[in-house]
Amino acid sequence: MSKRIFLDGKFVDHDDARISVFDHGYLYGDGVFEGIRAYSGRIFRLQAHVDRLFSSAKTLMLQIPYTKEKMTELIVEACRVNGLQDAYIRVVVSRGAGDLGLDPTKCPKPTVVVIADSIALYPESLYRSGLTVCTSSIRRQRAEALNPQIKSLNYLNSILAKIEANQRGCQEVVMLSEEGFVAECSADNIFIVRGRKLLTPAPHLGILLGITRDAVMDVARAAGYDVVETTFTRHEMWNADEVFLTGTAAEIVSVVSIDERVVGNGKPGPVAAELQAAFRELAKRDGAAI
Ligand code: PXG
């Protein structure tokens, strides 16, 4: 069965899911998105994703033509019509078609797309071996330029960093704030472990407030860890007991080498493993039923 994609008010076949070359999402990266996962028939933290989508759109003065409730229903519906219990869902709202100038007021109708697809899981070997990462020379852009809390269609800041990672043979890349503190990775948040304490960069450092980050803070606190949102440098990161990344696609993945410094004993650590297990338990029972 061909995949059914929600586009501009209705579900259409994959081959008919086309948008205009005049869409400012395409011409300027003017739009917002979410990447969401469903586990065993439950959509993980759906409300938080819908809230973040609407917050991103509000800052861009992009009027989503549905209520939050309707958008939530559409996301569930996209899984249902495609018969998916485990899914990766991409919601995209772009400014819509306009003229060739960048003025958003010339785009009368935002484009809304919901794609529900089967999830391409990261290879299990990645979790067994852990990631090798490096620090990018590209700084996370400051909030006054383009706030990293907006999950916008303009990912060039991350993509420039990712290009560097690829060139240097790293699997992810750590991005620093303008002041040189650890901020986040190109598409993941970062945590460092010191004994029973977890440190993660505070929101003001210019990060996307990841929904996995939030869930990991919850499960870690429930497991008795002290979790602190704070400021730290690469020195603390290099010398941590463990370092791990969090994101919707990767969940929790250990980092074993950073800038050619071995992290801990060079193997994925027990804290990341414990939190990954707790996270999977949470994902099984938490979330809106499809
Ligand atoms: N920081 C950045 C910059 C991100 O893009 C995260 C953190 C983690 O956020 P969540 O809410 O997912 O825990 C992201 C995640 C993908 C994909 O398919 C993920 C993201 C962007 C593009 C693709 O893994 N964002």
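Residues numbered from 1 in each chain as written. Predicted model: local features only at pLDDT ≥ 70, side-chain atom pairs only at ≥ 80, totals over all residues. Heavy atoms only, no water.

(A) Layout of the overall build of the chain. The helix and strand inventory of the chain stands at nine helices and 16 strands. A globule of 290 residues ought to have a C-alpha radius of gyration of about 19 Å, and the chain, at 19 Å, matches this closely. Along the longest, intermediate and shortest principal axes, the C-alpha atoms of the chain span 55 × 40 × 30 Å. Relative to its full complement of 290 residues, the chain shows a buried share of 50%. Look at the contacts in the chain between residues 6 or more apart in sequence, and 69% of them connect residues 24 or more apart. Surface summary for the chain: the accessible area is close to 13,600 Å², and the carbon and sulfur share equals 53%. Once the 34 positive and 36 negative side-chain charges of the chain are each reduced to a mean point, those two points are 1 Å apart. (Helix = DSSP H or I, 4+ residues; strand = E, 2+ residues; numbered from the N terminus. Rg over C-alpha atoms; globule rule 2.2 N^0.38 Å. Buried < 20%, exposed > 50% of the residue type's maximum accessible area, 1.4 Å probe, protein only. Contact = heavy atoms within 4.5 Å. Areas by Shrake-Rupley, 256 points an atom, 1.4 Å probe, with all protein chains shown as cover. Lys, Arg positive; Asp, Glu negative; His and termini not counted. Charge placed at Lys NZ, Arg CZ, Asp CG, Glu CD.)

(B) Here's a closer look at the site of the ligand. Neighbouring residues of the ligand: 20 residues in total, closest Lys 151, Tyr 155, Glu 184, Thr 212 and Thr 248. A distance of 2.8 Å is found between an oxygen atom of the ligand and a side-chain nitrogen or oxygen belonging to Tyr 88. Within the backbone of Ile 211, a nitrogen or oxygen atom sits 2.8 Å from an oxygen atom of the ligand. Protein contacts shield 87% of the accessible area of the ligand, which totals 550 Å² for the unbound molecule. Secondary structure elements with two or more residues in the shell around the ligand: strand 5 (87-94), helix 7 (211-222) and strand 13 (242-247). Counted by class, the shell around the ligand contains seven nonpolar, seven polar and six charged residues. For the shell around the ligand, the two domains that each supply at least three residues are domain 1 (4-117) and domain 2 (124-288). (Near = heavy atom within 4 Å. Polar contact = N/O pair within 3.5 Å; in protein donor to acceptor, adjacent residues only side chain to side chain. Nonpolar A, V, L, I, M, F, W, Y, C, P; charged D, E, K, R; others polar. Domains from an automatic or database assignment.)

(C) Summary view of the environment of Tyr 66. Considering the arrangement of structural elements, one finds Tyr 66 in the loop between helix 2 (46-59) and helix 3 (68-81). Sequence separation between Tyr 66 and Gly 9 is 57 residues, and the spatial gap between their C-alpha atoms is 9.8 Å. Apart from the residues within four sequence positions on either side, Tyr 66 is in contact with Phe 6, Asp 8, Gly 9, Phe 54, Met 71, Leu 74 and Val 112.

(D) A look at the domain arrangement of the chain. What the domain assignment reports for the chain is domain 1 (4-117) and domain 2 (124-288). Placing a centre on the C-alpha atoms of domain 1 and another on those of domain 2 gives a separation of 26 Å. The partner domain 2 presents 25 residues to the 27 residues of domain 1 that form the contact. For the domain 1 and domain 2 pair, buried surface summed over both sides reaches about 2,100 Å², with 60% attributable to carbon and sulfur atoms. Applying the counting criterion to the domain 1 and domain 2 interface returns three salt bridges. Arg 45 is paired through a salt bridge with Asp 218; the nearest N and O atoms lie 3.0 Å apart. Scanning the region where domain 1 abuts domain 2 turns up ten residue pairs in polar contact (both at pLDDT 80 or more). Among the secondary structure elements, those contributing two or more residues to the side of domain 1 that touches domain 2 are helix 1 (24-28), strand 3 (31-39), strand 4 (42-43), helix 2 and strand 5. (Buried area = accessible area lost by both parts, 1.4 Å probe. Salt bridge = Lys/Arg side-chain N within 4 Å of Asp/Glu carboxyl O.)

(E) Structural detail: helix 9 (residues 270-285). An ideal rise of 1.5 Å per residue puts 22 Å on 16 residues; helix 9 measures up with 23 Å between its terminal C-alpha atoms. Residues of helix 9 that are buried: Val 271, Ala 272, Leu 275, Gln 276, Phe 279, Leu 282 and Ala 283. Mapping the buried residues of helix 9 onto a view down its axis gives an arc of 130°, with all of them on the same face. Seen from the buried face of helix 9, the exposed residues on the opposite side, beyond 90 degrees, are Pro 270, Lys 284 and Arg 285. Where helix 9 terminates, the next one or two residues include Gly 287, which has phi positive at roughly 115°. (Expected span 1.5 Å × (residues − 1). Arc of directions from axis to C-beta.)

(F) Local environment of the nonpolar core. Ile 43, Leu 53, Met 71, Ile 75, Ile 89, Val 91 and Val 93 are the most contacted members of the largest nonpolar core, which has 28 residues in total. Secondary-structure elements contributing two or more residues to this core are strand 3, helix 2, helix 3, strand 5 and strand 6 (111-117). What Val 93 contacts, discounting residues up to four positions off in sequence, is Gly 31, Val 32, Leu 53, Leu 62, Ile 64, Met 71, Pro 110, Thr 111 and Val 112. One finds Tyr 127, Val 133, Val 243 and Val 255 within the second-largest nonpolar core, a separate group that totals 22 residues. (Core = buried A, V, L, I, M, F, W, Y, C linked by side-chain atoms within 4.5 Å.)

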